[in-house]
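What follows is each chain in one-letter form.
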Amino acid sequence: MTPGLALGLGAALVVAAVAVSLAFGGRPTGLDELLHAVLSPDGSVADIAIRELRWPRTLNALAVGVCVGVAGCLAQGHTRNAIADPGLLGIYPGAALAIVGGSLVLGAAGTSTYAQAALAFGGAVAASVLVIAVGSVTRHGATPVTLVLAGAAVSALAGGVVSLIVLSNDSALDTLRFWQLGSVAARGALLPQVAPLIVVGAVLAVLNIGPLNALALGEDTARSLGVSVARARLLGLAAIGVLSASAVTLAGPLAFAGLLVPHAARGVVGADYRWQVPASALGGAALLLLADTAGRLIARPGELPVGVVLAVVGAPFFVYLARRRRLVAL
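As the structure is a computational prediction, the values presented were derived from the model and not from experiment.

**Q** Would you take a moment to explain the state of the cysteines for this structure?
**A** A disulfide bridge is the covalent bond that connects two cysteines by way of their sulfur atoms. Per the counting criterion, the structure on display carries 0 disulfides. Looking at the unpaired Cys-67, the closest cysteine sulfur is the one in Cys-73, lying at 14 Å. For Cys-73, a relative accessible area of 0% gives the class buried.

Here it is in structure tokens:
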């Protein structure tokens, strides 16, 4: 299969996943009702369910999937680590620390949707900046090894502080428990505010494709091709930070999504990041949409948060991918 054909099939899968997300939920919806809600709504119960409930969360899942897919692809490329994901740079622990710290300092004011979104984004960005700063202190600047070590250190520090806070504050524990579930349902209204940041992150990712292809050949080879290694690393890490922070803001921490999607994309389109990045974007969008829909169907008339579905499905699937060395080779 050629990379172009793979991207075409990926786009078709995303369109199908959008249709499935709109058609299925706590209330069964037929194809005629779906077409009626899209083409000629008149305010019926099905129209309201599709247009006002399912459509916003579908858009949210679409945006979050693109963010985690591209961020995971760049994270694995820059760290040269086959099991890297956005969380490796301390994104999730940093956001969690900001969430529980905000609930402790601000009280009830820190539990609103917009306050938690601002705290999550700020904490995620602060953590990624700290990892980049710590990982760049060597005379060679940021390297795959120093970035992984810095990410592990920042994650451990943030996790320890979070544990200290929640053990001494019940309200912070309740806030963290709700936020850690990971869901695209509760924060769909935030998408218009976060969308410009997603666009910025996507532009940075596209600009980083050429330098990342050169870095894949080795830093010495990249320098001989005229690529500034430090600038390429900074550009890529900035893209990872913005996209990951946007995803955390819209859906909370989502395990395995940023880890699995780049592996699958690499196995289908190959090692060229000109194909990997768009394939990861499409794969992430499809995965989030299908996982969110599955969560609504499994626990109907209630639902399972998409983070739970990804964790249950992602663990065995990653074991399967890890056994296929061709897919995880970087």
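**Q** What is the right way to look at the packing of helix α4 (residues 91-106) against helix α6 (residues 144-168) in this model?
**A** Two numbers describe a pair of packed helices, the interaxial angle and the distance between the axes. In contact at an axis separation of 9 Å, α4 and α6 are set at 25° when each is read in the N-to-C sense. Our classification of the angle between α4 and α6 gives roughly parallel. The two elements α4 and α6 cross, and the hand of that crossing is left-handed. From α4, Pro-93, Gly-94, Ala-96, Leu-97, Val-100, Gly-101 and Leu-104 reach across to α6, where they touch Ser-155, Ala-158, Val-161, Val-162, Ile-165 and Val-166. Considered class by class, the residues forming the contact of α4 with α6 number 10 nonpolar, 3 polar and no charged.

**Q** Got a minute to help me understand the nonpolar core in this structure?
**A** In globular proteins that are soluble, nonpolar side chains generally tend to be buried together. Membership of the largest hydrophobic core comes to 73 residues, with the highest contact counts inside it found for Val-64, Leu-74, Trp-179, Leu-250 and Leu-288. With 11 residues, helix α3 (residues 45-79) is the largest single contributor of residues to this core. Ala-214, Leu-215, Val-227 and Val-229 belong to the second-largest nonpolar core, a separate cluster that totals 6 residues.

**Q** Would you take a moment to explain the pattern of salt bridges for this structure?
**A** Between side chains of opposite charge, pairing is possible as soon as their charged atoms come close. Under the counting rule described, the total for this entry stands at 7 salt bridges. Taking the shortest distance from any N to any O, the salt bridge between Glu-219 and Arg-223 comes out at 3.6 Å. Taken together, the residues Glu-219 and Arg-223, both in helix α10 (residues 219-224) and 4 residues apart, mark about one turn of the helix. Glu-219 gets classed as partly exposed once you look at its relative accessible area, which sits at 23%. For Arg-223, a relative accessible area of 44% puts it in the partly exposed group. We note a salt bridge from Asp-220 to Arg-223, for which the minimum N-O separation is 3.4 Å. Of this pair, Asp-220 and Arg-223 both sit in helix α10, 3 residues apart, which is roughly one turn of that helix. Taking relative accessible area as the criterion, Asp-220 reaches 62% and is therefore assigned exposed. Here the salt bridges share partners, and the residues they tie into one network are Arg-57, Asp-292, Arg-296 and Glu-303.

**Q** Looking at this structure, I do not really get the side chain of Asn-208. What am I missing?
**A** Tracing the sequence through the fold places Asn-208 in the loop between α8 (191-207) and α9 (209-215). At a separation of 2.6 Å, a polar atom in the side chain of Asn-208 contacts the side chain of His-78. Contact partners of Asn-208, with chain neighbours within four places excluded, come to Leu-74, His-78, Ala-232, Leu-235 and Gly-236.

**Q** Any chance you could explain the environment of Leu-289 here in plain terms?
**A** Locating Leu-289 in the fold gives a position in helix α13 (residues 273-298). With relative accessibility at 0%, the residue Leu-289 sits in the buried group. When the C-alpha positions of Leu-289 and Thr-58 are compared, they lie 6.7 Å apart, and in sequence the two are 231 residues distant. Excluding anything up to four places from it in sequence, Leu-289 contacts Val-14, Ala-17, Val-18, Ser-21, Thr-58, Ala-61 and Leu-62.

Reading guide: rules and limits
- For every chain, the first residue of the written sequence is number 1, and numbering continues from 1 along that sequence.
- Local features in a predicted model are, by the rule used here, given only for residues with pLDDT of at least 70; side-chain atom pairs are given and counted only at 80 or more, and totals for whole chains, interfaces and linings are based on all residues.
- Side-chain measures were taken over the full set of non-hydrogen atoms in the model, leaving aside hydrogen atoms and water.
- We call a pair of cysteine sulfur atoms a disulfide when they lie within 2.5 Å.
- Accessible area is worked out with a 1.4 Å probe on protein chains only. A residue is then buried under 20% of its type maximum, exposed over 50%, and partly exposed in between.
- Between N-to-C directions, angles cover 0 to 180 degrees, with each direction set by a line fitted to C-alpha atoms, over the stretch in contact for helices.
- Numbering of helices and strands runs from the N terminus, with a helix taken as a DSSP run of H or I at least four residues long and a strand as a DSSP run of E at least two residues long.
- We call two directions roughly parallel when the angle between them is under 35 degrees, roughly antiparallel when it is over 145, roughly perpendicular when it lies between 65 and 115, and oblique otherwise.
- Note on convention: near helix rotated counterclockwise from far helix by under a right angle means a left-handed crossing. Clockwise means right-handed.
- By definition in these notes, contact holds between two residues if any of their heavy atoms fall within 4.5 Å.
- All amino acids are sorted into three groups, where Ala, Val, Leu, Ile, Met, Phe, Trp, Tyr, Cys and Pro are nonpolar, Asp, Glu, Lys and Arg are charged, and the leftover types, Gly among them, are polar.
- The term nonpolar core refers to a set of buried residues drawn from Ala, Val, Leu, Ile, Met, Phe, Trp, Tyr and Cys, joined through side-chain atoms within 4.5 Å.
- The term salt bridge refers to a side-chain nitrogen of Lys or Arg lying within 4 Å of a carboxyl oxygen of Asp or Glu.
- Polar contacts, as counted here, are pairs of nitrogen or oxygen atoms within 3.5 Å of one another; within protein the pair requires one atom able to donate a hydrogen and one able to accept it, and residues that are adjacent in sequence qualify only if both atoms are side-chain atoms.

As far as function goes, none of this settles anything; it's purely spatial.
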